[in-house]
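Spelled out, the chains give:
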Amino acid sequence: MTLTPRVLLDTSIAQLRTLAAFLAEEMGEYGQRSDAANLEARACKELLLTISVLIQTLQAARYVVTEDGAEVGRCANCDEI
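These numbers were taken from a predicted model, which means no experiment stands behind them. (Residues numbered from 1 in each chain as written. Predicted model: local features only at pLDDT ≥ 70, side-chain atom pairs only at ≥ 80, totals over all residues. Heavy atoms only, no water.)

## Focus: the overall build of the protein
A count of helices and strands for the protein gives 2 helices and 0 strands. Accessible surface for the protein amounts to roughly 6300 Å². Of this, 57% is attributable to carbon and sulfur atoms. (Helix = DSSP H or I, 4+ residues; strand = E, 2+ residues; numbered from the N terminus. Areas by Shrake-Rupley, 256 points an atom, 1.4 Å probe, with all protein chains shown as cover.)

As structure tokens, then:
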């Protein structure tokens, strides 16, 4: 089975959403722990924010990538990058 760019984007977005949900749950648990977990909570928060930006970027990429993998507005036979 060959993955199309759209399927790969959709799969990646779904997996990142799952990871984000897990991290959000972990952040809730850090609030109930001692101050020793502050570094872990901070790292978790930064990772969650980064994943959120990445999800938005991948969602925007859906509108640029067509089913056959050619970019919208570009010639599929062009060698230019």
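## Quick notes on the nonpolar core
Within the largest apolar cluster, 13 residues are counted, with the highest numbers of intra-cluster contacts made by L16, L23, I51, I55 and L58. In this structure L23 touches C44, L47, L48 and I51, once residues within four positions along its chain are discounted. (Core = buried A, V, L, I, M, F, W, Y, C linked by side-chain atoms within 4.5 Å. Buried < 20%, exposed > 50% of the residue type's maximum accessible area, 1.4 Å probe, protein only. Contact = heavy atoms within 4.5 Å.)

## What to know about the pattern of salt bridges
Tallying each qualifying case throughout the model produces 2 salt bridges. Linking R62 and D10 is a salt bridge whose minimum nitrogen-to-oxygen distance equals 2.9 Å. In this pair, R62 is assigned in the segment after α2 (38-61) and D10 in helix α1 (residues 5-30), connecting sequence segments 52 residues apart. Note that R42 is salt-bridged to E46, the shortest N-O span being 3.2 Å. Here R42 and its partner E46 are both found in helix α2, 4 residues apart, which amounts to about one turn of the helix. R42 gets classed as exposed once you look at its relative accessible area, which sits at 55%. (Salt bridge = Lys/Arg side-chain N within 4 Å of Asp/Glu carboxyl O.)

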